[in-house]
Amino acid sequence: MKSWSKEIEIEAPIDQVWGLLEGPLEEMQKIMPQVVDHKPVKVTDVGVGSIYRQRYKEGKRIEEYDVETLEYDNAPDKKKLKVGFTLAKMFEITALYELYQINQQKTRFTYTCTNRPLKSFLKLFLLFASDKIVVQFCERVKKVAEEDYKKTNLLV
């Protein structure tokens, strides 16, 4: 198993960032444009155990998989969402999103991703994997959240 983690400060309120991760499909697509569908299969009152069927476009192919909520915390100053899924029957992946309110307009965002190959020949691929995708994702979340926040302030 391989794990990557990145922390970044975002000049936007915690709820603004949370909406991109936990909001409707349209918000999620701002930071994950390859996700073309995200429908509930089973939703629990506490979040943990909820399952969503997600469709993800990679080039011309569309992969479909079930995303399970493994951890969920939606406190006013601290939010956590951990999801897990199996991709193409080859990799077991988890994504952990942690948000901490620094102040009313600033959020600390930590993204941790793990990837466990389900077939032994895939372990070799992970030896060469870098944190590039994790870094790019954090930068995209920062850019989108800050742009959205600036737009809402201009409208007020």
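Residues numbered from 1 in each chain as written. Predicted model: local features only at pLDDT ≥ 70, side-chain atom pairs only at ≥ 80, totals over all residues. Heavy atoms only, no water.

*Asks:* Please explain the overall build of the protein chain as it appears in this structure.
*Replies:* Helix and strand content of the protein chain: four helices and seven strands. For the protein chain, the α and β elements follow one another from N to C terminus as β-α-α-β-β-β-β-β-β-α-α. Overall, the C-alpha framework of the protein chain stretches about 55 × 35 × 30 Å when taken along its three principal axes. Counting only contacts in the protein chain whose residues sit at least 6 apart along the sequence, the fraction spanning at least 24 positions is 48%. Of the roughly 9,500 Å² of accessible surface on the protein chain, a fraction of 53% belongs to carbon and sulfur atoms. Of the side chains in the protein chain, 26 bear a positive and 24 a negative charge, and the two mean positions are spaced by 6 Å. (Helix = DSSP H or I, 4+ residues; strand = E, 2+ residues; numbered from the N terminus. Contact = heavy atoms within 4.5 Å. Areas by Shrake-Rupley, 256 points an atom, 1.4 Å probe, with all protein chains shown as cover. Lys, Arg positive; Asp, Glu negative; His and termini not counted. Charge placed at Lys NZ, Arg CZ, Asp CG, Glu CD.)

*Asks:* Can you walk me through the pattern of salt bridges in this structure?
*Replies:* A side chain of one charge can pair with a side chain of the opposite charge if their charged atoms are brought near each other. Throughout the structure, instances matching the rule amount to 15 salt bridges. As a salt-bridge pair, Glu 11 and Lys 106 come within 3.4 Å of each other at their nearest N and O atoms. Note that Glu 11 is positioned in the loop between β1 (2-10) and α1 (14-22) and Lys 106 in strand β7 (residues 106-117), a separation of 95 residues in sequence. On the accessibility criterion, Glu 11 (41% relative accessible area) is partly exposed. The salt bridge partner of Lys 30 is Glu 27, with a shortest N-O separation of 3.0 Å. Placement of the pair is Lys 30 and Glu 27 together in helix α2 (residues 25-31), with a separation of three residues, close to one helical turn. The class for Glu 27 is partly exposed, based on a relative accessible area of 25%. (Salt bridge = Lys/Arg side-chain N within 4 Å of Asp/Glu carboxyl O. Buried < 20%, exposed > 50% of the residue type's maximum accessible area, 1.4 Å probe, protein only.)

*Asks:* Sorry, what's going on with the pairing of strand β6 (residues 91-103) here?
*Replies:* Across a regular strand the side chains alternate sides, sitting on one face of the sheet and then on the other. Direction of pairing for strand β5 (residues 78-87) relative to β6: antiparallel, over a ladder of ten bridges. Across the sheet, the residue bridging to Val 83 is Ala 95, located in β6. Between β5 and the antiparallel strand that follows it, β6, lie three residues; Ala 88 among them carries a positive phi value of about 55 degrees. Where β6 lies against β7, twelve bridges are found, and the strand directions are antiparallel. Note on β7: the bridge partner recorded for Glu 92 is Arg 116. The hairpin formed by β6 and β7 contains two residues between the paired strands. (Pairing = 2+ DSSP bridges.)

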